[in-house]
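Read off the chains here:
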Amino acid sequence: MSASGRHAVVTGGGSGVGAAIAHALSGAGAAVTVIGRDEAKLAAQGLPYEVCDVTDAAALRRALDRAIAARGPIAIAVANAGAATSGPLAKAAPEDLDAMLGVNLYGVFHLWQAVLSDMTGAGWGRLIAVASTAGLKGYAYAAPYCAAKHAAVGLTRALAQELGRTGITVNALCPGFVDTPLLDASLDTIRAATGKDRATAIADLVASNPQKRLIHTDEVASAALWLCSDGAAAVNGHALSLSGGEV
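Residues numbered from 1 in each chain as written. Predicted model: local features only at pLDDT ≥ 70, side-chain atom pairs only at ≥ 80, totals over all residues. Heavy atoms only, no water.

J.: Can you walk me through the overall build of the protein in this structure?
T.: Assigned secondary structure in the protein consists of eight helices and seven strands. Computed over C-alpha atoms, the radius of gyration of the protein comes to 17 Å, within 12% of the 18 Å expected from 2.2 N^0.38 for 247 residues, which places it in the range of a compact globule. Expressed along its principal axes, the backbone C-alpha trace of the protein runs to roughly 55 × 35 × 35 Å. Burial analysis of the protein (247 residues in total) assigns 46% to the buried set. Of the contacts formed within the protein by residues at least 6 apart in sequence, a portion of 68% connects residues at least 24 apart. Of the roughly 10900 Å² of accessible surface on the protein, 55% is carried by carbon and sulfur atoms. Once the 18 positive and 20 negative side-chain charges of the protein are each reduced to a mean point, those two points are 4 Å apart. (Helix = DSSP H or I, 4+ residues; strand = E, 2+ residues; numbered from the N terminus. Rg over C-alpha atoms; globule rule 2.2 N^0.38 Å. Buried < 20%, exposed > 50% of the residue type's maximum accessible area, 1.4 Å probe, protein only. Contact = heavy atoms within 4.5 Å. Areas by Shrake-Rupley, 256 points an atom, 1.4 Å probe, with all protein chains shown as cover. Lys, Arg positive; Asp, Glu negative; His and termini not counted. Charge placed at Lys NZ, Arg CZ, Asp CG, Glu CD.)

Written out as structure tokens, the structure is:
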């Protein structure tokens, strides 16, 4: 089996990596529902959508119920919604950690927990988290973000063990710095703090990548599509680094 004919849900699907994954799945024949907070961005994708904040478990459950009623049981759940902040830990407030955990960890937890019954009933499913190389290594001035992404990778590995004999696989994609609007916001912060131009700021970010480049959204989407294929049926509990060899 593959994505064709299956219902796939992608959170954070209004732009960037989420939009690329949603369109890749749709192009492979899946019935796709994108979920996000910005209705204008979701509508611009031309795919069925639900407006929802993934940190609100009850609201997400209602959104998924509507999607299931329209397009059938969910077989593929891509937890892509994410957010990033930067700054020294000494200046961070507990609320900063809460915010990072809310979307980058709880958003994954809420989505996966809500779709498990559909997948276990069918005996097939794909749970995919879009994490980050920040879930595999540390980055200075991003401690809350790294902590949340490490937690998402831990959740992935644990659930993969739990579901190993159910026909459901659980994996995380861990890209390096991806050329998206989220990265643009980080670049603006770097430039404001350092006075560096955009090209220099990007060069600093990709310095640890042996390929010395940003990751492209279609590369992440292709990896997600592969995880949904028959050829990836034995790939379970992995945190796949898409980083040019950084980690």
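J.: Got a minute to help me understand empty space enclosed by the protein in this structure?
T.: If a probe the size of a water molecule is rolled over the atoms, the empty space left behind becomes visible. Here the structure, examined in full by the defined rule, presents one cavity of 30 Å³ or more. Estimated volume of the largest cavity: approximately 40 Å³. In terms of lining, the largest cavity is formed by Gly-176, Phe-177, Leu-205, Val-206, Asn-209, Arg-213, Ile-215, Ser-243 and Glu-246. Class assignment for the residues of the lining of the largest cavity results in four nonpolar, three polar and two charged. (1 Å grid on protein atoms, 1.4 Å probe; cavity = no way out; pocket = protein on both sides within 12 Å on 5 of 7 lines; lining within 4 Å. Points joined across faces, edges and corners; volume = space filled by probe spheres on them. Nonpolar A, V, L, I, M, F, W, Y, C, P; charged D, E, K, R; others polar.)

J.: Looking at this model, I keep getting lost on the nonpolar core. Mind explaining?
T.: The tendency in soluble globular proteins is for nonpolar side chains to be buried as a group. Core analysis: the biggest nonpolar cluster contains 32 residues, and Leu-64, Leu-111, Trp-112, Val-115 and Leu-127 have the highest contact counts within it. Among the secondary structure elements, those contributing two or more residues to this core are α3 (57-71), β4 (74-79), α4 (94-122), β5 (125-130), α5 (143-162) and β6 (168-175). If one sorts the elements of this core by residue count, α4 sits on top with eight residues. Sequence-distant contacts of Trp-112, defined by excluding residues within four places in its chain, comprise Ala-77, Ala-79, Leu-127, Ile-128, Ala-129, Leu-155, Thr-156, Leu-159, Val-170 and Asn-171. By size, the runner-up hydrophobic cluster in this structure holds 30 residues, among which are Ala-8, Val-10, Ala-30 and Ala-223. (Core = buried A, V, L, I, M, F, W, Y, C linked by side-chain atoms within 4.5 Å.)

J.: I keep staring at the packing of aromatic side chains and nothing clicks. Help me out?
T.: Each pair of aromatic rings is reported with the distance of its centres and the angle of its planes. Scanning the model with the defined rule gives one aromatic pair in all. Seen from their ring centres, Tyr-139 and Phe-177 are 5.7 Å apart, and the 70° between their planes marks the pair as edge-to-face. Of the two residues, Tyr-139 is situated in the loop between β5 and α5 and Phe-177 in the loop between β6 and α6 (181-194); the sequence distance between them amounts to 38 residues. We classify Tyr-139 as partly exposed; its relative accessible area is 21%. A relative accessible area of 26% places Phe-177 in the partly exposed class. In this structure, Arg-6 packs its charged tip against the face of Trp-124, placed 3.7 Å from the ring centre. (Phe/Tyr/Trp six-rings, centres within 6.5 Å; stacked < 30°, edge-to-face > 60°. Lys NZ or Arg CZ within 6 Å of the ring centre and 35° of its normal.)

J.: Whenever I open this one, the environment of Glu-219 confuses me. Can you help?
T.: Structurally, Glu-219 can be placed in helix α8 (residues 217-227). Residues Glu-219 and Ala-20 lie 199 residues apart in sequence; the distance between their C-alpha atoms is 9.1 Å. Setting aside anything within four residues of it in sequence, one finds Glu-219 in contact with Arg-213 and Leu-242. Polar contacts involving the side chain of Glu-219 include one to the side chain of Arg-213, which spans 2.8 Å. (Polar contact = N/O pair within 3.5 Å; in protein donor to acceptor, adjacent residues only side chain to side chain.)

J.: What is the right way to look at unusual backbone geometry in this model?
T.: What is expected of a backbone is that most residues other than glycine have negative phi and most peptide bonds are trans. One non-glycine residue, Tyr-141, lies in positive phi territory at about 65°. Within the secondary structure, Tyr-141 is located in the loop between β5 and α5. Exposure remark for Tyr-141: the relative accessible area of 58% places this residue in the exposed category. Phi at Lys-212 is positive, roughly 55°, even though this residue is not glycine. Within the secondary structure, Lys-212 is located in the loop between α7 (198-205) and α8.

J.: So what exactly am I meant to see when it comes to the pattern of salt bridges here?
T.: When the charged atoms of two side chains with opposite charge come close together, those side chains can pair. One pass over the structure, following the stated rule, counts six salt bridges. When the shortest N-O distance is used, the salt bridge between Asp-204 and Lys-196 registers 2.5 Å. Overall, the relative accessible area of 33% leaves Lys-196 in the partly exposed class. (Salt bridge = Lys/Arg side-chain N within 4 Å of Asp/Glu carboxyl O.)

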